[in-house]
Amino acid sequence: MRSKVTVVGAGNVGATAAQRIFDRGYADVVLVDIVEGLPQGKALDIQESGPVLGSDATIVGTNGYEETAGSDIVVITSGIARRPGMSRDDLLLTNMRIVSSVVSEVAEHSPDCVILPVTNPLDAMAQRAYQVSGFPKSRVVGMAGILDTGRFRTFLAEELSVSVNSIEAYVLGGHGDTMVPVVGSTTVGGIPVANLIAADRLEEIVQRTRDGGAEIVNYLKTGSAYYAPSASIVQMVEAILFDKNEILPCTALLQGEYGINDLFVGVPVKLGNGGVVEVVEFDLNDDEMAALKHSADAVQELVEVMASNES
Ligand code: APR
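To keep things clear, this report deals only with the structure shown in the data block. (Residues numbered from 1 in each chain as written. Predicted model: local features only at pLDDT ≥ 70, side-chain atom pairs only at ≥ 80, totals over all residues. Heavy atoms only, no water.)

Attention now goes to the packing of helix 6 (residues 145–160) against helix 7 (residues 199–210). Two numbers describe how helix 6 lies on helix 7: the axes approach to 9 Å, and their chain directions differ by 145°. The way helix 6 lies across helix 7 gives a crossing that is right-handed. Along its contact with helix 6, which presents D148, R151, F152, F155, L156, E158 and E159, the element helix 7 presents R201, L202, I205, V206, R208 and T209. In terms of residue class, the contact of helix 6 with helix 7 is built from six nonpolar, one polar and six charged. (Axes fitted to C-alpha atoms, helices over the stretch in contact; angles between N-to-C directions. Helix = DSSP H or I, 4+ residues; strand = E, 2+ residues; numbered from the N terminus. Left-handed = near helix turned anticlockwise from the far one by under 90°. Contact = heavy atoms within 4.5 Å. Nonpolar A, V, L, I, M, F, W, Y, C, P; charged D, E, K, R; others polar.)

Rendered as structure tokens:
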């Protein structure tokens, strides 16, 4: 039997992720949104691409959760997207309420699923999804690090005129202005990137990575990035469905790792069947460790704002 993946939020990120999963035939897909007709229309359109693409998967759109029952993975993209001039953190309380209501439905209908939050601000939403679901920590894992790392690798590849596939990099920390592109463990064909790019130029590339989301928002004017985010979701879905034990930068609950406690932060995780198999601990230098701690503090602030605005 084919696996089942639900995507909540049939907007740009959700619908594109659903399309990518369907195209590859990885799973039967359920697309959920509160807007009547939107998930049904997009799902039918995607379904009708099946004969052309050769995908035998099914996809249905719905405004409820009955059809989502028994999902293996539930991707959560529902929420308000960032607009120009709006920080990810401005979205916090609105998206907290949306994610909370969605997660309680998801946990009821798919009690054994892996929840994959994508809605921003991501780390705080993952924390919220964990709290509301009551799931074990292994089954809540957020998407951000793959996207941030994808941007970093894109810019490095462009700078060095080398294939993106030759660049190994990890961007850790919260998905925000404090994210930590770990330069010390970034290599190009096995060579440390710091040997190939001058420090000041490297810092510019790191900063462009941090501003990667805003750069797209500024071009689009309405809405934010979705091609790279949806591709990043699919890499996680693939690792989980096919039990790949792939080490990927994802947002996971830390309980002592990297000296951080009870907080969702972006770290390398081994992702396989059932979600997070383990958190991988890199040897970070003092500066990188301090940057990660600083980033975790920024996530902690959001978690506290959420706690004091419980409705
Ligand atoms: N239940 C289901 N769907 C909802 C709910 C809800 N309670 N509230 C909002 N939605 C839906 C909206 O109707 C909309 O179709 O979520 C969808 C969000 O889609 P977009 O506005 O197109 O946003 P998108 O670009 O897809 O981004 C979604 O992912 O990357 C993050 O920052 C981004 O938080 C944002 C999320």
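Still to come is the rest of the account.
The next thing to look at is the nonpolar core. By size, the foremost hydrophobic cluster in this structure holds 79 residues, and its most contacted members are V5, V75, I115, V237 and L271. Once residues lying within four places of it in the same chain are set aside, the contact partners of L271 are V141, M236, A239, I240, K244, N245, E246, L248, C250, V276 and V277. (Core = buried A, V, L, I, M, F, W, Y, C linked by side-chain atoms within 4.5 Å. Buried < 20%, exposed > 50% of the residue type's maximum accessible area, 1.4 Å probe, protein only.)

Neighbouring residues of the ligand: 20 residues in total, closest N12, V13, D33, T77 and N120. Here an oxygen atom of the ligand sits 3.0 Å away from a polar atom, N or O, in the main chain of N12. A distance of 3.5 Å is found between a nitrogen atom of the ligand and a backbone nitrogen or oxygen belonging to I34. Expressed as a share of its isolated accessible area of 730 Å², the protein-covered part of the ligand is 84%. Contributions of two or more residues to the shell around the ligand are made by helix 1 (12–24) and helix 4 (92–109). Top element by residues in the shell around the ligand is helix 4. It accounts for three residues. Residues that form the shell around the ligand fall into these classes: 10 nonpolar, nine polar and one charged. (Near = heavy atom within 4 Å. Polar contact = N/O pair within 3.5 Å; in protein donor to acceptor, adjacent residues only side chain to side chain. Areas by Shrake-Rupley, 256 points an atom, 1.4 Å probe, with all protein chains shown as cover.)

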